[in-house]
Amino acid sequence: MTTICILYPELLGTYGDGGNGLAVYERARRRGIDVELISVGLNDTVPDASLYLLGGGEDGPQRLAADLLRTSSFGSRVRDGAYVVAVCAGLQILGLTFCVEGDDEYEGLGLVDVVTSRGERRSVGELATRVDGQLLVGFENHGGRTTLSGGVNALGTVVKGRGNDAKLDGYRTKNIWATYAHGPVLAMNPWFCDEILASVVGAELDPITSAADLLYQERCRVLSS
Ligand code: GLN
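Here's what I pulled together on the structure shown here. (Residues numbered from 1 in each chain as written. Predicted model: local features only at pLDDT ≥ 70, side-chain atom pairs only at ≥ 80, totals over all residues. Heavy atoms only, no water.)

Near the ligand lie 15 residues; those nearest to it are Asp59, Cys88, Asn141, Gly143 and Gly144. Interatomic distance of 3.1 Å between a backbone N/O atom of alanine 89 and an oxygen atom of the ligand. In the model, an oxygen atom of the ligand is placed 2.9 Å from a nitrogen or oxygen of the glycine 144 main chain. For the ligand, whose accessible area on its own is 300 Å², the fraction buried by protein is 99%. Elements represented by at least two residues in the shell around the ligand include exactly helix H2 (59-70), helix H4 (89-93) and strand S8 (134-148). Residue contributions to the shell around the ligand peak at four residues, all from S8. (Near = heavy atom within 4 Å. Polar contact = N/O pair within 3.5 Å; in protein donor to acceptor, adjacent residues only side chain to side chain. Areas by Shrake-Rupley, 256 points an atom, 1.4 Å probe, with all protein chains shown as cover. Helix = DSSP H or I, 4+ residues; strand = E, 2+ residues; numbered from the N terminus.)

Here you go:
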């Protein structure tokens, strides 16, 4: 059984990123993969899962989510190789430090060598990133600016919008995909959702087609016109 776990959607769900869990669950289910989807609330224990999903959120809830995760088994599960998709606030929480409510620096989970400071202005609007030759599309809305260090690789290079710093978006480690793109990004980018699912189940996937593919193609057409 493959367990997909959405973490704290009450805190990290402002931008509908819980839909990432639904997208990966549904694309697994349609292929006959034995899969379950769990949503972890504020008073729940973080369960063992193959894939954890962290979404975006406002500064206060983001800080609370970081506190809850710090005292949970999440960090050790990720160090042991559990997969994670992290979006925006989620991306920031996994790093060394992030800024909330002005310039107050707050401790992240320290799972990835990245630091998020306050940008000069908020990054709001469409975000398109080139990831291994493919376009990743979505939208962003954040005040943070993220710097990668210690040899951490970006997820991709920014084609439109700001991402980490107007050049790079997110980061990629052996078991973590992180991006500033909301959408939900896995619903808007079926190829990306399948790439993650294939890693999580450790197998090649049968192709499937869905309305999401047509919407993705249309989005790419509009962006390149
Ligand atoms: N609160 C964070 C910021 O503004 C994250 C926002 C988000 O998740 N969209 O940078």
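Under the definition given, this model contains nine salt bridges. A salt bridge links glutamate 26 to arginine 30; its shortest N-O distance comes to 3.2 Å. Among the residues examined, glutamate 26 registers a relative accessible area of 23% and is labelled partly exposed. The class for arginine 30 is partly exposed, based on a relative accessible area of 47%. Between arginine 70 and aspartate 67 there is a salt bridge, and its shortest N-O distance comes to 2.8 Å. Of this pair, arginine 70 and aspartate 67 are both found in helix H2, three residues apart, which corresponds to roughly one turn of the helix. Sharing partners across several salt bridges, the network here consists of Glu26, Arg29 and Arg30. (Salt bridge = Lys/Arg side-chain N within 4 Å of Asp/Glu carboxyl O. Buried < 20%, exposed > 50% of the residue type's maximum accessible area, 1.4 Å probe, protein only.)

All right, on to the pairing of strand S4 (residues 83-87) then. Summarising burial for S4: four of the five residues are buried, a large majority. The sheet contact formed by strand S3 (residues 51-54) and S4 spans four bridges and is parallel. Bridge assignment links leucine 53 to a residue of S4, and that residue is valine 85. (Pairing = 2+ DSSP bridges.)

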